[in-house]
Amino acid sequence: GWAGALAARWWARWSLGAPAPAEVPSGWQAPLWSRLVLCVAVAGAGAIRLPPLAGNILWDEQDNLRRNFHGYYQFQSPAAQPKWVEATLMDALWENERGNNPHLLSVLSHTGLAVWRALTGEPRERYDRVVLRWPSAVFGLLSLVSLWWMLNAAGLPRLAPWAVVLAAAHPLWAEFTFQAR
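Because the structure is a prediction, the values reported are computed rather than measured.

**Q** What is the right way to look at the packing of helix α3 (residues 32-49) against helix α8 (residues 159-169) in this model?
**A** Packed helices, taken two at a time, are described by the angle between their axes plus the distance between the axes. Where α3 meets α8, the axes come as close as 9 Å, and the angle between the chain directions of the two elements is 5°. In terms of their interaxial angle, α3 and α8 are classed as roughly parallel. When α3 is examined against α8, the residues W33, S34, V37, L38, A41, A45, I48 and R49 are found in contact with a partner set consisting of P161, W162, V164, V165, A167 and A168. Its residues assigned to classes, the contact of α3 with α8 comprises 12 nonpolar, 1 polar and 1 charged.

Encoded structure:
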């Protein structure tokens, strides 16, 4: 609103020569070299991100693992048998006691673990870290494709491949795309 109006003297000159929205090419009509850079960047990002999927569960992940994805053993007293408290699909959908339940990730991880248990015959108390983290890895790689496509669609085809390469190699982006949180 008002900030755009105040800054109009800077952006108005540039926008007058901009193509009309119908003339902006789709992201998929980008040059071949740009699409090749995208493919190499996504492959490289996958090579960076896939090995840590089987790594240790981090502090931030364990809370979601216990309450939203998987479940936990509750110890009533040192002499009593521990009681298994299952995280149900409804917990994945609706539980948000501490305000940190990423609902879509919870549902996909919970469903992935259920499918993994059905295929492998593992008991309910077991989980697989790679299966737990698959949504983060897949959507992290798709976010690179989305970034490339949006920059091309915005009329910045020369910026798109370089932005994707930087994002693919950025340590913080890489870290958050292989954690289940």
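**Q** Would you take a moment to explain the pattern of salt bridges for this structure?
**A** Pairs can form between side chains of opposite charge once their charged atoms are near each other. Inspection of every chain in the model, using the stated rule, returns 3 salt bridges. Of the charged contacts in the structure, one is a salt bridge between R133 and E61, with a shortest N-O distance of 2.7 Å. Here E61 lies in helix α4 (residues 59-69) and R133 lies in helix α7 (residues 129-153), a separation of 72 residues in the sequence. Using a relative accessible area of 1% as the deciding quantity, one classes R133 as buried. On the basis of relative accessibility, which here comes to 0%, the residue E61 falls in the buried class. The shortest N-O distance in the salt bridge between E86 and R124 comes to 3.1 Å. With E86 in strand β2 (residues 83-86) and R124 in the loop between α6 (103-120) and α7, this pair connects stretches of sequence that are 38 residues apart.

**Q** What exactly am I supposed to notice about the nonpolar core here?
**A** In summary, soluble globular proteins display a tendency toward joint burial of nonpolar side chains. Core analysis: the largest hydrophobic core is formed by 13 residues, its most contacted members being A45, L144, W148, V164 and A168. Elements with a minimum of two residues in this core: α3, α7 and α8. Of the residues forming this core, the biggest block, 5 residues, is contributed by α8. If sequence neighbours within four positions are ignored, L144 has contacts with L38, V42, A45, V164, A167, A168 and W173.

**Q** When you look at the packing of aromatic side chains in this model, what are you seeing that I'm missing?
**A** Any aromatic ring pair is given by two values, namely how distant the centres are and how the planes are angled relative to each other. Scanning all chains against the criterion turns up 2 aromatic pairs. Note on W33 and W162: the rings are 6.5 Å apart at their centroids and 40° apart in plane angle, and the pair reads as tilted. Placement of W33 in helix α3 and of W162 in helix α8 is noted, with a sequence separation of 129 residues between them. With relative accessibility at 40%, the residue W33 sits in the partly exposed group. For the pair Y73 and W84, a centre-to-centre distance of 5.1 Å together with 70° between the ring planes defines the contact as edge-to-face. Taken as a pair, Y73 in strand β1 (residues 71-74) and W84 in strand β2 lie far apart in primary sequence, 11 residues in all.

**Q** Where do I start with a nonpolar patch on the surface in this structure?
**A** On the surface, a nonpolar cluster with roughly 440 Å² of combined accessible area is contributed by L89, M90, L93 and W94. Looking at the secondary structure, you find L89 in helix α5 (residues 89-94).

**Q** Help me out: how do you make sense of the side chain of Q179 in this one?
**A** As for its position among the elements, Q179 is in the segment after α9 (171-176). Looking at Q179, the relative accessible area reads 2%, which means it is buried. Within the local environment of Q179, its side chain forms a polar contact with the side chain of E175, the two groups lying 3.1 Å apart.

**Q** How should α4 be read in this particular structure?
**A** A turn of α-helix holds 3.6 residues, and therefore any two residues three or four places apart point the same way. Every buried residue belonging to α4 is among E61, D63, N64, L65, R67, N68 and F69, and all of these are buried. For α4, the secondary structure elements touched by its buried residues are β1, α5, α6 and α7. Trailing α4 by a residue or two, G71 shows a phi angle of about 135°, which is positive.

**Q** Got a minute to help me understand the side chain of E61 in this structure?
**A** Engagement of the side chain of E61 in a polar contact is seen with the backbone nitrogen of L58, the distance being 2.8 Å. At a separation of 2.7 Å, a polar atom in the side chain of E61 contacts the side chain of R133. Not counting the four nearest positions on each side in its chain, E61 is found in contact with N56, R133, F178, Q179, A180 and R181.

About the criteria used
- Residues numbered from 1 in each chain as written.
- Predicted model: local features only at pLDDT ≥ 70, side-chain atom pairs only at ≥ 80, totals over all residues.
- Heavy atoms only, no water.
- Axes fitted to C-alpha atoms, helices over the stretch in contact; angles between N-to-C directions.
- Helix = DSSP H or I, 4+ residues; strand = E, 2+ residues; numbered from the N terminus.
- Parallel < 35°, antiparallel > 145°, perpendicular 65-115°, else oblique.
- Contact = heavy atoms within 4.5 Å.
- Nonpolar A, V, L, I, M, F, W, Y, C, P; charged D, E, K, R; others polar.
- Salt bridge = Lys/Arg side-chain N within 4 Å of Asp/Glu carboxyl O.
- Buried < 20%, exposed > 50% of the residue type's maximum accessible area, 1.4 Å probe, protein only.
- Core = buried A, V, L, I, M, F, W, Y, C linked by side-chain atoms within 4.5 Å.
- Phe/Tyr/Trp six-rings, centres within 6.5 Å; stacked < 30°, edge-to-face > 60°.
- Patch = residues over 30% accessible without salt bridge, like charges linked within 9 Å, V, L, I, M, F, W, Y side chains within 5 Å.
- Areas by Shrake-Rupley, 256 points an atom, 1.4 Å probe, with all protein chains shown as cover.
- Polar contact = N/O pair within 3.5 Å; in protein donor to acceptor, adjacent residues only side chain to side chain.

So yeah, pure geometry; function would need other evidence.
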